[in-house]
Amino acid sequence: MSFDYKVKDLSLAEAGRHQLRLAEHEMPGLMSLRHEYGASQPLKGAKIAGSLHMTVQTAVLIETLVALGAEVRWASCNIYSTQDEAAAAVVVGPDGTVDNPQGVPVFAWKGETLPEYWDCTNEILTWPGGDGPNMILDDGGDATMLVHKGKEWEAAGQVPPTTDADAEEFQVFKALVRRTLEQDPQKWTRIAAQIKGVTEETTTGVHRLYELAKTGDLLFPAINVNDSVTKSKFDNKYGCRHSVLDGLNRATDVLVGGKVAVVAGFGDVGKGCAAALAGQGARVIVTEIDPICALQAAMEGYQVSRLEDVVGIADIFVTTTGNFNIITAEHMASMKNKAIVSNIGHFDNEIDMAGLARIPGIVKTEIKPQVHEWTFPNGNSIIVLSEGRLMNLGNATGHPSFVMSNSFANQTIAQIELFTKPGEYDNQVYVLPKHLDEKVARLHLAALGVELTELTKEQAEYIGVDVAGPYKPDHYRY
Ligand code: NAI
């Protein structure tokens, strides 16, 4: 078998395969789905374009999709988040060798440039023979955006001219779409028509999908995987509770205990980050715009303040809002000497990196890859992680396997749902039904030695549920 791919170094495959083997042990949800659906092959015929951090855990997801019958092409959804050994292992595949790869075409390496990033995203949507995928598995919505913008600009007859107001990333994106349309003027209409649906991993991507659905512009059905309870209340919260410290430690190894840490945003990710930092003995200050989340933070014992009022006293900053311009260049200029500035939200615009670079006389020094010291003309400096991109994946290896098994079991079930039930879903955004959410949780109980209490028939009738579930109404918040 020969196929195209682009990864850093295939000779890393063996090291990657060892890590995958250990990850499989920690991913009981995905492994049970392989067992349950391996014979019936529900994804046979599915051609999945995946845009999601190319980590060891994602490798187990990819091989699960393949075990269920799918053909897959994969790119990372962030320039820094690929684990090169995982990418190599997926290309080589469990039965291949470095000289004869038998796995899946992956287009991802750690440290892509922005043009390379968009080229890789284009690669997963461009199948051999000029064909496209029939499913998208997205994280943050970039693959979905490429299809939508490509089709929109194709219909308009041109890509809008680049202006100075466009962020660098958007300029690069426009250049890519322009090039694809020059090569193949109907590419995006043709590809969009083949796609049966998208399953979206994260808060930011889901937000983009609801916007498209609201204006009637969503081109295919979508499942919001993020808002499965077994995703956002686990990955976003407990995943970040683990990986925010991993990112900080690998980047700086600074002692967190006793420091003042500001967590911007107290949603699911913010709750996990604040708990981790407080667990290490930091004094945590939360910033919020939502009175409910602000009250929750206060009830947890955190000081809730405005960033302007505490910017000069904090040692560590972590943005978790999914919003933009949270930490401005002005904020950074008034921080303590050697304050650590980082973002764990999906996009890099939570911290105004462009504004920081424009400060007259500022000097950027690379301490090591993805760790930079920015020195102001007055001699003070701050340490910025992953150039403002998500630090848990840029400076560390993202969430651990067990929590990703929950997220990716939801992804797999959502892919099966949209692929096998065309016609049952409109061009809207759906969440998985609660019985499937409960199923994902159930798949993870035995590994933790959890013994679940079973309802009696009488108890079930008394609280108005079925003995087999679902156990809560849809509006229950957990
Ligand atoms: P969420 O919506 O639950 O929480 C975001 C919080 O930020 C909200 O409570 C909101 O009120 C608050 N916020 C918005 N603007 C603010 C401002 N100007 N100042 C202070 N607070 C503000 O979203 P969630 O699930 O916590 O996700 C946050 C981001 O993290 C998203 O971009 C998501 O895609 C990303 N994410 C990253 C992960 C990672 O591994 N790095 C994992 C999961 C999600």
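Remember, it's a predicted structure, so these values are computed and weren't measured experimentally. (Residues numbered from 1 in each chain as written. Predicted model: local features only at pLDDT ≥ 70, side-chain atom pairs only at ≥ 80, totals over all residues. Heavy atoms only, no water.)

Asks: Sorry if this is basic, but what is going on with the domain arrangement of the protein here?
Replies: Accessible area lost on assembly of the parts is the figure often given for the size of an interface. When the domains of the protein are assigned, the result is domain 1 (10-230 + 399-437) and domain 2 (238-395). Here domain 1 and domain 2 have C-alpha centroids that lie 29 Å from each other. With 19 residues of domain 1 at the contact, the number on the domain 2 side is 16 residues. The junction of domain 1 with domain 2 conceals about 1,400 Å² of combined surface from both sides, 62% of it contributed by carbon and sulfur atoms. Looking only at domain 1, the three residues that lose the most surface to domain 2 are Y80, T204 and H399, adding up to 40% of its buried area. For the pair domain 1 and domain 2, the interface holds one salt bridge. (Domains from an automatic or database assignment. Contact = heavy atoms within 4.5 Å. Buried area = accessible area lost by both parts, 1.4 Å probe. Salt bridge = Lys/Arg side-chain N within 4 Å of Asp/Glu carboxyl O.)

Asks: I tried to follow the layout of surface pockets on my own but got confused; where do I start?
Replies: Gaps left between atoms show up when a probe the size of a water molecule is rolled over them. In this structure, the second largest pocket occupies an estimated 790 Å³ of space. For the second largest pocket, the lining is made up of 29 residues, of which T230, F234, A441, R442 and L445 are closest to its centre. Residue assignment for the lining of the second largest pocket shows that the elements contributing at least two residues are α10 (229-252), α17 (401-420) and α18 (434-442). Inspection of the lining of the second largest pocket shows a minimum of three residues originating in each of domain 1 (10-230 + 399-437) and domain 2 (238-395). (1 Å grid on protein atoms, 1.4 Å probe; cavity = no way out; pocket = protein on both sides within 12 Å on 5 of 7 lines; lining within 4 Å. Points joined across faces, edges and corners; volume = space filled by probe spheres on them. Helix = DSSP H or I, 4+ residues; strand = E, 2+ residues; numbered from the N terminus.)

Asks: Looking at this structure, how should I read the pairing of strand β2 (residues 71-75)?
Replies: Note on strand geometry: in a regular strand, side chains alternate between the two faces of the sheet. Buried residues dominate β2, accounting for four of its five residues. Bridge count for strand β1 (residues 47-51) against β2 is five bridges, and the pairing is parallel. Note that in β2 the partner of I48 across the bridge is V72. In the classification by handedness, the crossover that spans β1, the intervening helix α3 (residues 56-67) and the parallel β2 is right-handed. (Buried < 20%, exposed > 50% of the residue type's maximum accessible area, 1.4 Å probe, protein only. Pairing = 2+ DSSP bridges. Right-handed = clockwise from strand over helix to strand, strands pointing away.)

Asks: Help me out: how do you make sense of the sheet that holds β1 in this one?
Replies: Strand pairing in a sheet is mediated by backbone hydrogen bonds. Such pairs are either parallel or antiparallel. A sheet is described by the order of its strands in space; here seven strands give the open sequence β3-β2-β1-β4-β5-β6-β15, paired in parallel fashion. Both edges of this open sheet fall to β3 (106-107) and β15 (429-430), since each of them pairs with a single strand only. Pairing analysis gives two bridges linking β2 to β3, with the strands arranged parallel. Residue A75 lies in a different strand from β3, and its bridge partner there is F107. In the packing of helix α6 (residues 142-156) onto the sheet, the strands contacted are β1, β4 (135-138) and β5 (197-200), and the crossing angle to β4 comes to about 130°. (Axes fitted to C-alpha atoms, helices over the stretch in contact; angles between N-to-C directions.)

Asks: Just checking my understanding: could you explain the sheet that holds strand β14 (residues 381-385) for this structure?
Replies: The strand order across the open sheet formed by eight strands is β9-β8-β7-β10-β11-β14-β13-β12, and the pairing between neighbours is mixed. Of all the strands in the sheet, the pair left with one neighbour each is β9 (303-304) and β12 (363-368). Note: β12 against strand β13 (residues 371-375), five bridges, orientation antiparallel. Bridge pairing in β13 links V363 to T375. Packing against the sheet, helix α11 (residues 268-279) makes contact with β7 (260-264), β8 (283-287) and β10 (316-319), and its axis sits at approximately 175° to β7.

Asks: Would you mind showing me how to read the pattern of salt bridges here?
Replies: One pass over the full model with this rule turns up 22 salt bridges. Here R179 and D119 are joined by a salt bridge, their closest N and O atoms 2.5 Å apart. Taken together, the residues R179 in helix α7 (residues 168-183) and D119 in helix α5 (residues 114-124) connect sequence positions 60 residues apart. Given the relative accessible area of 37%, R179 is considered partly exposed. With its nearest N and O atoms 3.2 Å apart, the salt bridge here joins E387 to K364. Residue E387 is located in the loop between β14 and α16 (391-394), and its partner K364 is located in strand β12; the two are separated by 23 residues in the primary sequence. A relative accessible area of 40% places K364 in the partly exposed class. Three or more residues are tied together by salt bridges with common partners; here these are D4, R73 and E123.

Asks: What is the right way to read the UniProt feature "binding site: substrate" (unreviewed entry) in the protein from this model?
Replies: On the UniProt side, "binding site: substrate" (unreviewed entry) is annotated at positions that read T55, D139, E201, K231 and D235 here. Here E201 shows up in the loop between β5 and α9 (203-214). Setting aside residues no more than four positions away along its own chain, E201 makes contact with L52, D138, D139, V225, N226, K231, D235, M404, S407, F408 and Q411. Within the secondary structure, D235 sits in helix α10. Of the residues examined, D235 reaches a relative accessible area of 6% and is grouped as buried. Contacts of D235, omitting those with residues within four sequence positions, involve E201, C240, H399, V403, M404 and S407. (UniProt positions renumbered as here; feature names shortened; annotations may be inferred.)

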